[in-house]
Amino acid sequence: MGLIRLIILGIVVYLVWQLIKRWQNKPSSRVSHTRDKRIDGSMARCDYCGLFVPKDEAIEANGRHYCSEAHRLADGKDQ
Ligand SMILES: [Zn+2]
């Protein structure tokens, strides 16, 4: 039983150490994370070609988003 307890203790110490390492790295990686979130919140995916375009530039029709007027018309023709 002693060996198992030692292994468990080792795993716990390793996890805590990884947590501390990740916690210490947070300030440097925070910039990219917030940037990704900003893009997720303001980008729309074209339902025709899958291209991501800013929501204020995307063309919206029938609850769908398009990167350009041409793709809105092309998608409408398919249906
Ligand atoms: Zn498109």
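You'll find the protein entered in an unreviewed UniProt entry as Preprotein translocase subunit YajC, with Thiohalobacter thiocyanaticus given as the organism.

## Describing the overall build of the protein
Each helix and strand counted, the protein has 2 helices and 4 strands in total. Along the protein, helices and strands appear, N-terminal first, in the series α-β-β-β-β-α. Among the 79 residues that make up the protein, the fraction classed as buried is 10%. Of all intrachain contacts in the protein linking residues separated by at least 6 positions in sequence, the fraction that spans at least 24 positions is 9%. On the protein, roughly 6,900 Å² of surface is accessible, and the fraction owed to carbon and sulfur atoms is 59%.

## Quick word on the coordination of the zinc ion
Within the protein, the atoms that donate to the zinc ion are Cys46 (SG), Cys49 (SG), Cys67 (SG) and His71 (ND1), at distances of 1.9 to 2.4 Å. Of note is the zinc ion, whose 4 donor atoms meet at the metal with angles of 95 to 125° in an arrangement that counts as tetrahedral. Along the chain, the residues that donate to the zinc ion are spaced as C-x2-C-x17-C-x3-H. With a gap of 22 residues between them, Cys49 in the loop between strand 1 (43–45) and strand 2 (52–54) and His71 in helix 2 (residues 69–78) connect regions that are remote in the sequence. Overall, Cys49 belongs to the partly exposed group, its relative accessible area being 43%.

## A short note on the pattern of salt bridges
Across all of its chains, the model carries 2 salt bridges by this definition. A salt bridge links Asp75 to Arg64; the nearest nitrogen and oxygen atoms lie 2.9 Å apart. Of this pair, Asp75 sits in helix 2 while Arg64 sits in strand 4 (residues 64–66); the two residues are 11 residues apart in sequence, bridging distant segments of the chain. When its relative accessible area of 27% is taken as the criterion, Arg64 is described as partly exposed.

## Let's talk about the confidence of the model for the protein
A residue-level look at the protein finds 77% of positions with pLDDT of 70 or above and a mean pLDDT of 83. At the low end of the mean pLDDT range in the protein sits helix 1 (residues 2–42), at 78; at the high end sits strand 4, at 94.

## Here's the deal with the side chain of Asp75
Residue class for Asp75 comes out buried when judged on its relative accessible area of 7%. Of the polar contacts made by the side chain of Asp75, one reaches the side chain of Arg64; its length is 2.9 Å. Once you skip the residues sitting within four places of it in the chain, Asp75 turns out to touch Tyr48, Arg64 and Tyr66.

## Comments concerning unusual backbone geometry
With a phi angle near 55°, Asn62 is a residue other than glycine that sits in the positive phi range. For Asn62, the location among the structural elements is in the loop between strand 3 (59–61) and strand 4. Under the relative-accessibility criterion, Asn62 is labelled exposed at 81%.

Cut-offs and rules
- Each chain has its residues counted from 1, running along the sequence as written.
- Only residues with pLDDT of at least 70 get local features here, since the model is predicted, and only at 80 or more are side-chain atom pairs given and counted; chain-wide, interface and lining totals rely on the full set of residues.
- Hydrogens and water molecules were not included; the side-chain quantities draw on all heavy atoms of the structure.
- Counting from the N terminus, the helices are DSSP H or I runs at least four residues long and the strands are E runs at least two residues long.
- Type-normalised accessible area, obtained with a 1.4 Å probe on protein chains alone, sets the label of each residue: buried when under 20%, exposed when over 50%, and partly exposed for intermediate values.
- Between two residues, a contact is recorded if the distance between any of their heavy atoms is within 4.5 Å.
- In this description, accessible areas are obtained by the Shrake-Rupley approach with a 1.4 Å probe, and a residue is regarded as covered only by the protein chains that are shown.
- A donor here means any N, O or S atom no more than 2.8 Å from the metal (3.2 Å for Na, K and Ca); water is not included, so a site may seem to lack partners.
- Working rule for geometry: tetrahedral if four donors all subtend angles between 85 and 135 degrees; square planar for four, octahedral for six, if opposite donors exceed 155 degrees and the others stay between 65 and 115; irregular in every other situation.
- Every case where a carboxyl oxygen of Asp or Glu lies within 4 Å of a side-chain nitrogen of Lys or Arg is listed as a salt bridge.
- pLDDT runs from 0 to 100 and stands for how confident the predictor is about each residue.
- Throughout this description, a polar contact denotes any pair of N or O atoms lying within 3.5 Å of each other; where both atoms belong to protein, one of them has to be capable of donating a hydrogen while the other can accept it, and for residues adjacent in sequence the pair is counted only when both atoms sit in side chains.

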